[in-house]
Every structure is written in C-alpha cells, then in structure tokens.
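# Overview (structure and organization)
Chain by chain, the residues:
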Number of protein chains: 4
Amino acid sequence: SGNFFLLAGPCAIEGEDMALRIAETIVGITEKLEIPFIFKGSFKKANRSRIDSFTGIGDEKALKILRKVSETFGVPTVTDIHEREDAQLAAEYVDVLQIPAFLVRQTDLVVAAAETGKVVNLKKGQFMSPESMKHAVNKVQECNNEQVMVTDRGTMFGYQDMIVDFRGIPTMREFAPTVLDVTHSLQQPNQSSGVTGGRPDMIETIARAGIATGADGIFIETHFDPANAKSDGANMLDIQYLERLLSNLTAIRKTINSF
Amino acid sequence: SGNFFLLAGPCAIEGEDMALRIAETIVGITEKLEIPFIFKGSFKKANRSRIDSFTGIGDEKALKILRKVSETFGVPTVTDIHEREDAQLAAEYVDVLQIPAFLVRQTDLVVAAAETGKVVNLKKGQFMSPESMKHAVNKVQECNNEQVMVTDRGTMFGYQDMIVDFRGIPTMREFAPTVLDVTHSLQQPNQSSGVTGGRPDMIETIARAGIATGADGIFIETHFDPANAKSDGANMLDIQYLERLLSNLTAIRKTINSF
Amino acid sequence: SGNFFLLAGPCAIEGEDMALRIAETIVGITEKLEIPFIFKGSFKKANRSRIDSFTGIGDEKALKILRKVSETFGVPTVTDIHEREDAQLAAEYVDVLQIPAFLVRQTDLVVAAAETGKVVNLKKGQFMSPESMKHAVNKVQECNNEQVMVTDRGTMFGYQDMIVDFRGIPTMREFAPTVLDVTHSLQQPNQSSGVTGGRPDMIETIARAGIATGADGIFIETHFDPANAKSDGANMLDIQYLERLLSNLTAIRKTINSF
Amino acid sequence: SGNFFLLAGPCAIEGEDMALRIAETIVGITEKLEIPFIFKGSFKKANRSRIDSFTGIGDEKALKILRKVSETFGVPTVTDIHEREDAQLAAEYVDVLQIPAFLVRQTDLVVAAAETGKVVNLKKGQFMSPESMKHAVNKVQECNNEQVMVTDRGTMFGYQDMIVDFRGIPTMREFAPTVLDVTHSLQQPNQSSGVTGGRPDMIETIARAGIATGADGIFIETHFDPANAKSDGANMLDIQYLERLLSNLTAIRKTINSF
C-alpha cells in the first residue's frame, strides 16, 4: 500500500479477552487505512524498576493468547524476549522477536533470536547512537538471517528525560527498516517513585515527526483504559484516539511518498 | 496563505551584490510557493570561537544593505544584536531584531530590543528548556511589545553535538509563534579545530519534522557557495536545493493544515 | 603557601555593611589557613531568568564598596562584567574582571576585559567543553594579557541539572590556572518557577573532588543568611560552615602537594 | 585498616598464568598499603559491540582459575554474570557476583544473584540516576540478602562520552557501600569502529575524586600489557602504575578519615 506499518497492542498480555478486544479494534482501523499491522504484546516483563511491579500472567499462557490473536485476525505478532532460552519458546508462537533496548548489547541473546529464523526487531539502546546499531544488525545478519529491523525508543537526556534524535531515522534506514516507538520514546525514567513517568500528550507530535522523516513503521502501545493498565500506563495511548492519529500519519505518509 | 513563514539569507552580510542575489533567488521561490519571507543577515558576528574568525564588513554598511534588500524586493528583514546599543541602531534599518541563543538570558539586551517596538525573535538557548523560554517572552511583553516569537536552534547533547527536541515546538507555541532554525540546530560545537562543524545532510530531515509538528516558521541560512562563505559554511544550504526543500515542506504543511 | 586560592563573597553586593562583614569573616578564616583570598561581588546582575529578579543597588555604588573592601582588608577583588562598556568602569575599582559563562563566547567583551590589563577570569560556558576554553584563553593572550584564568561552573546535563566533569580540571590546567566554582556548579536551571534551584548539600563533595583533582582555586558564594540573599540563595553556603570546609580542603591540598 | 577496598584484576580471564601473575602483583601492593583486595575477572564477556569480539576461554575453565587465585593468595574474588543460570554456577567459585550495568534492571537476574547468598555488586546503569539504584538494592534485600554494594561506572553524556557524577557517591552511600569503577567510567562508547575507546590518562583524576568524596571502594582493571589485552585495552591501567596510584589514594583516604 505504500503506507507505513504498525506494531501495536497493549504493553503486556493481561488476559485473552483484553488482547482480542484490542486486536479487533486495531484490525478494524488498520484495514480501513491500509496499514500493515503486527500485534504486539509482552509475554513477561523482566526489567521492571521495582520488584513488586507486574511481571506477567504466565509465559505459555500469554504466548498462546498471542497465537490466538494471530489465528483469529490473520495478523502477525511480535513479543520481546529477555534470555536466550526465551527465543526458541517464543518463536513457536510469534512472528517477530523483539530485543529490548537494555539488552541489545547482549550478543548471546541477539544470536539466539537470529537463529530462530524469525524476524528480529532490535530496539536501540537508550545509551546507543543510531550509527552504533549497525553492529547489532550485523550480528543478526552474520547468523544468515536478513530479516532484521531496528526501533528507536529515544535516547537518555539527563537522568529523568528522553529525546528522540530524528537524525537517527535516515541514519538507521541505511542498514535496516526503521520503526519509531512513540510510547517508550516519551518515557521519563528514574523518577523518585520508582515508576517511570511519561508525556502521552506528545504522542502525536513525535509520531508525525517520525513519519515525516521517513520511518518505515510506528510502534504504539494502546489500551482501552491506560490508567488501569498493569504496566506502562503513563505512556499508553487511549485506544479511542488511535484512528484519528493513524489517519493523520497516513496523510503525511502519502504526502512524502509523492516527493 | 496558511503556509509557514521563512527567515532566510546568508549567515553574515558579506557584500551588497551577494545579498541582493541571494534575496532575489529566495523571493522568486517563496512567491511561487506562497511562503511569507523575511530576509536574514547578520550585520556583525560577535560570538565567534576564535579571535581570527570573520566578524563583518562594518556595521552601518551591512545595515544599509539590509535596508536596500527590503526596498528592492518589498520584504521585511531580520538581524541579530549583541549589545544594548545595537538595538536602536539596527531598529532603524530592519523589521525584526533577533536575540542570539547565548544572549537570551541577558535581560538588558532583551528589554532594549523590546523597547524599539520592533518584532523580537528570541533564539532558545542551547542550554534552556522549551518551557523556560516563557520567561524570556514575558520580558518582551512586560515592555508592552506583543510582537515576539521564539526560535529553536537545538539543545546541547554532550559537548560536541546538538539535538532538536520536537516536544518543544508545541510547548513553545503555547506562548509565542515558534520557528525552527534548521541551520544552527545541526551544528556540532566544541570541535578541536575551534571551528564549529555540522550535518547539512540532515537539513531536510529536521525541517520536515519541524513542519510536521506545527512550527510556524523555518529559519535557514543559504548561500550560492557554502564552502566559501565567511561564516557557518559547515551548515548552510546550497541555494540550488532550496526550492525543492521548500516545496516539500509546503506539501507537508498543506497536509497538516487539513487535520 | 602552596595552598589553593579562594574567590569568595556574596553573590551580589547588597550593601556596604554586609560586604564588609562577609569580607572580615572570610579574611579571618583564610589568614589562619594560609589561603590567598580574592573578595567576590557582582556589581549588577544582568542575566536573570525573570525580569522581576534583583539586579543590583547601582553600579558605581557597588563598585565603590568593592574598593572599600579591598582597602579595608588589603585583599584583591573580583567582579563580573556583561557589556564592553563595563570593562573600563569596573577596572577602575577591582583587580580581576570575570566573564560570565553565558557570555564567554562574546569576543568583543573578552577583548574589552583583556585590554584593561587586569586579570581576566573566564567562566566555562555550561555548553562548552573544557578543551574549547583554550580558544577563549587565546583571545585574552592575543591582547598581550597573560593574566588569565578559567573557572568551571558545571556543564548542562539534561534541561534541569548540571554535572561537573572533573576531567576538565587537568585539561584546562594545561592552558590556564583553573578554578572550580562550587556554587554555580550545583545549580539546577530551567525550573518551572523561573528561579534556579540548587543542591547546597553537595558543596563539600564537589569542592573536595576539585582540590583532589588539582584545581588551583575554589570559587564559593557565601552569606550570613542564604535563604534571604537577594540572588542565588539556593546554592550559597551559610558562612558558618565555611571554616570547616576550607580546613578540610586545605588538608587534602597538603596531601596532594606531597605526591 | 580504615582504608578503601579494591576490586581489581584483568578485564577477562585470559589464562591461568596471567591471572596468577596479576593477582600476585596486586596482592603485594595491597598488603603493603593495607588495602582489602578482591580479585576481579570476567569468566565470559556477553555484551560486546561486535560479534567478532573476544568472549572468553570457556566458562568453567575461567571460574576454576578464579578459585585458584582465591586459594593461592587467600583473597576473595568477583565475577560478573549475564543470565540467571550463571548465578548458581559462578556462586560455586567466587565470593561476589557482579551485575553488569546494562543488566541491572533485569529483575530475574538480580534476584538469581541475591538468592545465592553471595555478596551482590550492582553496577549503576549508564542510563540510571544514583537515586534510582535504590530500587535495585531493594530487590537484593527483599531476597533476604543484605550483602549488596553498588558501583558507579559513569553516566552517558551525549552518544560518545561518559561523565562521573560525584554527587552520586554520597547519594548511593545512603543505601549501600559504594564503589567507583575508574576503568569503565572513562569509556568512550559508540565509536564508529565498533570498539569502545577510552581516556586512561584520566584514571588518577577520577580515582582521586572518588576517594575524596567518600567512595568505599575502587574498581580498576589492570594488565601487564593493556595494548594487547583481549578486551577493554583502551582503558586498562598498566600494572606498573598501580602502586603509585594506590599509594596516592591511600594518602587521600587517610586525610579524609581524619575529618
């Protein structure tokens, strides 16, 4: 369709009913706008600030829900993995394995993902330059897996803020399809509460800039009730605003496709 | 016209012939694209890294050239001032007084500019948050001058790089019309040579993101021969690429105007 | 004495009595500890965030107080200047002219200070690398004034915080005597109130690190009643803690002198 | 002895002979200076920038060398772990389990280390504030393991540089013994070669500031021939300079112990 693609879903898989409802809503919107859609959900959350943060409903249970979403709506799925042993397990259920930003320098993990033959989505570390992501991409390719993409989720700016460096979009597109994660790019980490904050009012600003600068895809976490989501509520988009956002981004994409 | 406005010209006024030729070219492009145009040229350069850097051709000589550009093409002009006494002098020749980023915290200078009654363009300090520019805007308004705009020219990121934080565009638009300076935002300061470097290949990337996020204006330094310009050659746009750039930005602007 | 030297005093000269009392107290301490002392006071404050911030008691009035401190206690004095015309005026009253960090790239101002023949103290811009201060030092030396020193006052770290990069101390000592300003290095700028915040609890931490890494001098603003000081109250040291601090720093200095 | 403690050794265990020779040299120096010493060596390197970087000589082989060092010289040992399954294995051989900076947010890994009952050394993430390390410390303590310390190894400053924020030393000491890693704090990451650079000339500067600000321990990687070390050669200290450095630091420590 010439449009950008979308990785979207809740942050974590909280239950089957919730996953199916979110997927159904996004499928409806993306079919109308001709946006290729990959359903996203974490099957566990391993890197939380506090030990009492939500970590998941059970690994296989969550992965089976991802498979059910895929079968029900005919869409591919993506989930993130945190240890080598997760790679093979998750690869049985999903189409894209995502390496979290904090872990993208762990060679063993990247190689384990690459060796499954699945698409690998490498999140740019908050501490990495766009240029340096080339080394992570190379690690996947050296496993004879050419299906690799990168996702920018912002860069540390002081202790408690992040900035998206849009020079990174064309820079990373030179070596891999490049996605902008508009949810985590707006995090405000290291808050005194131990719970990461955010700027959800800036989602459309960041997303528009991403599409205008040539991003191949957009990553958004969305929920019917962000305030009560079990993780990342501070940045998730209320799903009622999703269609309007994607419609605007599609219009910008059509414009730049004409250049 | 609903289009963004443009502040453009050479970095410094190097001579009358050069100023008129640059102005003529930009006027031709901006009339076609219905872009309101303000001709920009510095009448002196006071804040150079090295004492042997170019500082100008003579203050009044340069200001008279700015007036001639204005009279010849019927366009307003903008120049930057560095000391209180510059304000009254420059105000006799130009329409917009610009406060350089390094000087935007100098209350006396801002007040002197405001008191001329001219439009004041406040560059955001590389060390300032978008939110904190509100205090600088207030200083102009407290002099009973409501004609004030702000210009983002990037934010320090480490010693030798700058990033544009596009969250700043909607943030600053809440208190003043907001311009994105795509030339200085791409500077790479503190190079060991004592001459600031740049990333001119990123001009269109940054400019597109600016228009997509709602910037009211764009600031570009341009020259027929950037490599031989007397200052800021590392980031100026070769004027042969200007029409294509402005045409693309106009298309994005029309798209977001339709939202 | 082999000891470090001290630039200290209130932020701004608020009145003669206050200046003399602060000077007397510091003279008493520094004579005992054999610390060469330069009394510091601003005769005006030009770069405040807000237009309603305190800007001074009158230029000549404040300068005369500085001269009186010098005559009364036999100590040299330092003040900061903000415009070229300040240089000659201030040079009639004080021994050291200080260029504020925001203004250290203003060649005209640096040259005006250098040409008075007085000692010039260049504050490192919050946006400058230690290495790049060499260019500012060169500007003074090219005016045939070899009496130049540099002062680190921290480097921007995100929008609302500063960090001291102690690698800068030996780096800058290669081209000029180097002072650590422990007051402004602890500023927290861009606060939403428009009034800069601070971390005065960290004064001794930063000061000890400065002396241990070889700083030639320490700059401290101090006051009998920081909470009621007319500027910079957020970071000034309560003068009752000054002797203990300087005594500890002197002990560290003696230790590193023995290496 | 009242002195600081030292974690030191080569970056990676390259072989038994080399490990024993380095340990013997450090033991000789630290006994003379009364510095409690913990021998450090990585048994594998999992987080290299490039897939062709050195990753180790074999896990158990390297761990057995660590045990031999401990038995030969009567010193405790520390090694870093990268996956949950490493914790139990490494705990059979060493006294301190270290969590790498990139992994300190991985709750599962921190918990696995804590549950071995060994001392846990948590490296501060380059993207974390000193304050936020409290949450990581809490995760260890909630496993009923009070033997936890933290190590600062610098904070990202732009893409290609790091700074040590010495305010972090007293801040982290409020919740755990705090070590300064003078080797990794001087890394210069994201270099275009894919090999991290460094500033080994600044080791003593950073180390002195650490001891002066109260660090409980110092972490140094050292080698007989840094230029030919299999990893981190850019920052390791040539072991011939170690005694002089530790002697100077001991003198500063004695001075501040007297305050």
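Residues numbered from 1 in each chain as written. Chains lettered and ligands numbered in written order. Predicted model: local features only at pLDDT ≥ 70, side-chain atom pairs only at ≥ 80, totals over all residues. Heavy atoms only, no water.

## Some thoughts on the nonpolar core
Where we set the bar: Only buried residues count toward a nonpolar core. Its members are Ala, Val, Leu, Ile, Met, Phe, Trp, Tyr and Cys residues joined through side-chain atoms within 4.5 Å. Partly exposed residues are those whose accessible area sits between 20% and 50% of the maximum for their type, while under 20% is buried and over 50% is exposed, using a 1.4 Å probe and protein chains only. Contacts are residue-level and defined by heavy atoms, with any inter-residue pair within 4.5 Å sufficient.
Formed by 320 residues in total, the largest nonpolar core has its most connected members in Leu122 of chain A, Leu122 of chain B, Leu122 of chain C together with Leu122 of chain D. Residues within four places of leucine 122 of chain B in sequence aside, it is in contact with Ile99, Val104, Val110, Met133, Ala136, Val137, Val140, Val148, Met149, Val150 and Thr151 of chain B. Counting residues in hydrophobic clusters, the runner-up holds 9 residues, among them Ile38, Val78, Met149 and Val179 of chain B.

## Overview of helix H4 (residues 107–115) of chain B
All names here are of chain B. Note the following rule: Labels follow the DSSP assignment, with helices taken as runs of H or I lasting at least four residues and strands as runs of E lasting at least two, numbered in each case from the N terminus.
With 7 of 9 residues buried, H4 lies mostly within the body of the structure. Along H4, the residues classified as buried are Thr107, Leu109, Val110, Val111, Ala112, Ala113 and Ala114. Elements that come into contact with the buried residues of H4 comprise helix H3 (84–91), strand S4 (96–99), strand S5 (119–123) and helix H5 (133–141). Of the residues flanking the end of H4, it is glycine 117, one or two places downstream, whose phi is positive at about 85°.

## Re the environment of glycine 158 of chain A
Locating glycine 158 of chain A in the fold gives a position in the loop between strand S7 (155–156) and strand S8 (162–163). By relative accessible area, which is 11% here, glycine 158 of chain A ends up buried. Sequence separation between glycine 158 of chain A and isoleucine 29 of chain A is 129 residues, and the spatial gap between their C-alpha atoms is 37 Å. Beyond its immediate chain neighbours, meaning those up to four positions away, glycine 158 of chain A contacts Phe157 and Gly158 of chain C.

## Details of the side chain of arginine 253 of chain C
So the rule is basically this: Positive charges come from Lys and Arg, negative ones from Asp and Glu, while His and the chain ends are left out of the count. Within this document, salt bridges are pairs made up of a side-chain nitrogen of Lys or Arg and a carboxyl oxygen of Asp or Glu, the two lying within 4 Å of each other.
If you trace the backbone, arginine 253 of chain C turns up in helix H8 (residues 242–257). Within the buried core, arginine 253 of chain C has no salt-bridge partner, and the shortest N-O distance to an opposite charge, that of aspartate 216 of chain C, equals 5.2 Å.

## Observations concerning the packing of aromatic side chains
Just so we agree on the cut-off: Here the aromatic set is Phe, Tyr and Trp, taking the six-membered ring for Trp, and pairing holds for ring centres within 6.5 Å; pairs whose planes are under 30 degrees apart are stacked, those over 60 apart are edge-to-face, and all others are tilted. A ring has a charge above it when a Lys NZ or an Arg CZ is no more than 6 Å from the ring centre and no more than 35 degrees off the ring normal.
Enumeration over the complete set of coordinates arrives at 16 aromatic pairs over all chains. Where phenylalanine 102 of chain B meets phenylalanine 127 of chain C, the ring centres are 4.5 Å apart and the plane angle is 25°; that geometry is what we call stacked. You can see phenylalanine 102 of chain B sitting in the loop between S4 and H4 and its partner phenylalanine 127 of chain C sitting in the loop between strand S5 (119–123) and helix H5 (133–141), one on each of two chains. Joined through ring pairs, the aromatic side chains of Phe102 and Phe127 of chain A together with Phe102 and Phe127 of chain D make up one cluster. The ring of phenylalanine 219 of chain A has lysine 123 of chain A lying over it, and the distance from NZ or CZ to the ring centre is 4.3 Å.

## A closer look at the interface of chain D and chain A
To keep things clear, this is the line we draw: What counts as buried area is the accessible surface, traced by a 1.4 Å probe, that two parts surrender upon association, with contributions from both included. Counting of polar contacts relies on pairs of N or O atoms within 3.5 Å, with two restrictions inside protein: one atom must be capable of donating a hydrogen and the other of accepting it, and residues adjacent in sequence are counted only when both atoms are side-chain atoms. Three categories are distinguished: nonpolar for Ala, Val, Leu, Ile, Met, Phe, Trp, Tyr, Cys and Pro, charged for Asp, Glu, Lys and Arg, and polar for the others, with Gly belonging to the last.
Counting from both sides, the interface comprises 36 residues of chain D and, opposite them, 36 residues of chain A. In total, about 3400 Å² of surface goes out of reach between chain D and chain A, with carbon and sulfur atoms giving 50% of it. Residue arginine 84 of chain A pairs with glutamate 85 of chain D through a salt bridge whose shortest N-O separation is 3.3 Å. Taken together, the links from chain D to chain A amount to 12 residue pairs in polar contact (both at pLDDT 80 or more). If you list the elements that add at least two residues to the side of chain D that touches chain A, you get helix H3 (84–91), helix H4 (107–115), helix H5 (133–141) and strand S7 (155–156) of chain D. Among the elements that take part in the side of chain D that touches chain A, H4 of chain D stands out by supplying 3 residues, more than any other. Partitioning the side of chain D that touches chain A into residue classes produces 10 nonpolar, 14 polar and 12 charged.

## Describing the interface of chain B and chain D
At the junction of the two partners, chain B supplies 5 residues and chain D supplies 5 residues. Across the chain B/chain D interface, buried area totals approximately 380 Å², and carbon plus sulfur atoms make up 77% of it. For the chain B face of the interface with chain D, the top three residues by lost area are Phe157, Gly158 and Tyr159 of chain B, together amounting to 84%. Taken together, chain B and chain D are joined by 0 salt bridges. Taken together, the links from chain B to chain D amount to 0 residue pairs in polar contact (both at pLDDT 80 or more).

## Describing the relation of the copies chain D and chain A
The criterion, for reference: Residues reaching a pLDDT of at least 70 in both copies supply the C-alpha atoms on which the copies are superposed by least squares.
In screw terms, the move from chain D to chain A is a rotation of 180° and a rise of 0.0 Å along the axis, fitting with an RMSD of 0.0 Å. Here the two chains are linked by the operation of a two-fold rotation axis. For chain D, the smallest separation between a C-alpha atom and the rotation axis is recorded for phenylalanine 102 of chain D, amounting to 2.9 Å. Both copies share a contact surface, since 100% of the interface residues of chain D are interface residues in chain A too.

## Brief notes about the relation of the copies chain B and chain D
Rotating chain B by 180° about the axis while translating it 0.0 Å along that axis superimposes it on chain D, leaving an RMSD of 0.0 Å. When the interface residues of chain B are mapped onto chain D, 100% of them are again interface residues, pointing to one common binding face.

## Brief notes about the environment of isoleucine 13 of chain B
Residue and element names in this part refer to chain B. Within the fold, isoleucine 13 resides in the loop between strand S1 (5–9) and helix H1 (16–33). The class of isoleucine 13 is buried, set by a relative accessible area of 1%. Placed 215 residues apart in sequence, isoleucine 13 and asparagine 228 show a C-alpha to C-alpha distance of 14 Å. When residues no more than four places from it in sequence are discounted, the contact partners of isoleucine 13 are Ala19, Phe39, Gly41, Ser42, Ile57, Ala62, Ile65 and Leu66.

## Description of the pairing of strand S5 (residues 119–123) of chain A
Residue and element names in this part refer to chain A. Let me state the cut-off plainly: By definition, two strands form a pair when at least two bridges between them are found by DSSP. If you view a crossover with the strands going away from you and the path from the first strand over the helix to the second runs clockwise, you call it right-handed.
In terms of burial, S5 is a largely internal element, 4 of the 5 residues being buried. Summarising the sheet, S5 and strand S6 (residues 148–152) pair through 4 bridges and their orientation is parallel. For valine 120, the partnering residue across the bridge sits in S6 and is valine 148. For the segment spanning S5, helix H5 (residues 133–141) and S6, crossover handedness is right-handed.

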